[in-house]
Amino acid sequence: MSAKKETLGKTVGVVVAVCLVCSIVVSSAAVGLRSLQQTNAAIDKQSNIVQAAGLSDIAAGDISGTFEKYIEERFINLETGEYVEVPEGYDMYKEAKNPEFSVPVTGSNVGFKQRASIANIYLVRNDAGDVTRLVLPVHGSGLWDLMYGLLAIDADGNTVRELIYYQHKETPGLGGEIQNPSWKAKWNGKKLFNNGEVALEVNKGDNSKNQYAVDALSGATLTSNGVQNTLTYWAGKNGYGLYLKNQTWKS
């Protein structure tokens with residue numbers, strides 16, 4: 001009997017020891033890789049912004065260098081459309097969860113209940129220092145979850161150049177086609193506003209000659225509706241509307 005107890009005790013002891021060693025190894029690896037993960041996340045974010053800025057060819061693999069040279073991150077109060085200062089590391093998506101620095105979203109089908117009061121935006125400058133394009137973070141619900149993207153507009157505040165979705169859970173081959181290059185190309189040159197009102201629509205049919213419409217995704221009505229709701233909200237008065245109307249980047 002004692003031999004059996006001793007054997008059982010040793011077995012349990014070995015299992016506990018192995019678990020402890022494994023947990024230490026995993027924890028050490030997580031801590032050690034944290035800096036690398038943060039660096040990769042920052043590079044991925046910069047890569048998407050560089051693409052939206054139309055600078056991918058210029059970057060030629062030097063994403064960080066291109067970002068630092070041509071892109072300026074600014075912060076705007078969405079209620080006033082004016083630039084503001086924020087603490088280092090500010091992120092509009094994290095602050096949307098903070099009741100102190102966010103506002104409720106009502107009367108919209110955009111798909112989220114809170115948004116940050118201050119938004120990160122990106123000014124794209126040429127070699128002369130002139131603003132040539134604006135890159136505006138946008139997000140809204142699709143079929144399964146929120147879709148996160150970047151809307152790139154010319155310095156006229158109206159002409160769309162890119163709508164890039166970099167994070168979503170849409171169905172491959174259907175809603176997932178928001179990342180298809182051929183569909184993304186349809187946005188180039190479309191007009192966001194007409195007589196000061198948000199006019200750009202996502203609808204069925206051939207809209208190649210309609211400057212205020214983009215073809216909906218085939219078989220993905222809810223995703224297409226989500227894109228429409230996202231545009232309507234973020235280009236409107238509760239999003240970047242006042243900032244775009246005042247053309248604050250020119251002041």
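Summarised in this report is the structure supplied together with it. (Residues numbered from 1 in each chain as written. Predicted model: local features only at pLDDT ≥ 70, side-chain atom pairs only at ≥ 80, totals over all residues. Heavy atoms only, no water.)

### Considerations on the side chain of Lys190
- Relative to the helices and strands, Lys190 resides in the loop between helix H5 (181-184) and strand S9 (193-194).
- Notably, Lys190 is buried but unbridged: the nearest opposite-charge side chain belongs to Asp215, and the N-O separation is 6.4 Å.
- Within the local environment of Lys190, its side chain forms a polar contact with the backbone oxygen of Asn207, the two atoms lying 2.7 Å apart.
- Setting aside residues no more than four positions away along its own chain, Lys190 makes contact with Asn158, Thr159, Val160, Leu200, Asn207, Ser208, Asn210, Gln211, Ala213 and Val214. (Helix = DSSP H or I, 4+ residues; strand = E, 2+ residues; numbered from the N terminus. Buried < 20%, exposed > 50% of the residue type's maximum accessible area, 1.4 Å probe, protein only. Lys, Arg positive; Asp, Glu negative; His and termini not counted. Salt bridge = Lys/Arg side-chain N within 4 Å of Asp/Glu carboxyl O. Polar contact = N/O pair within 3.5 Å; in protein donor to acceptor, adjacent residues only side chain to side chain. Contact = heavy atoms within 4.5 Å.)

### Description of the layout of surface pockets
- The calculated volume of the second largest pocket comes to roughly 320 Å³.
- Lining the second largest pocket are 15 residues; nearest its centre among them are Phe193, Gly196, Ala235, Gly241 and Lys245.
- At the level of secondary structure, the elements contributing two or more residues to the lining of the second largest pocket comprise strand S10 (197-198) and helix H7 (241-246).
- Tallying contributions element by element places H7 first for the lining of the second largest pocket, with four residues. (1 Å grid on protein atoms, 1.4 Å probe; cavity = no way out; pocket = protein on both sides within 12 Å on 5 of 7 lines; lining within 4 Å. Points joined across faces, edges and corners; volume = space filled by probe spheres on them.)

### Quick notes on the pattern of salt bridges
- The full count for this structure, using the stated rule, is six salt bridges.
- Measuring nitrogen to oxygen at the nearest pair gives 3.0 Å for the salt bridge that ties Arg115 to Glu79. Within this pair, whereas Arg115 is found in strand S4 (residues 114-116), its partner Glu79 is found in the loop between strand S1 (71-77) and strand S2 (82-83), the two being separated by 36 residues in sequence.
- Of the charged contacts, one joins Asp215 and Lys186 as a salt bridge, the two residues approaching to 3.4 Å between their closest N and O atoms. In this pair, Asp215 is assigned in strand S12 (residues 213-215) and Lys186 in the loop between H5 and S9, connecting sequence segments 29 residues apart.
- What makes Lys186 partly exposed here is its relative accessible area of 35%.
- A cluster of three or more residues bridged by salt bridges with shared partners is formed by Glu72, Arg74 and Arg125.

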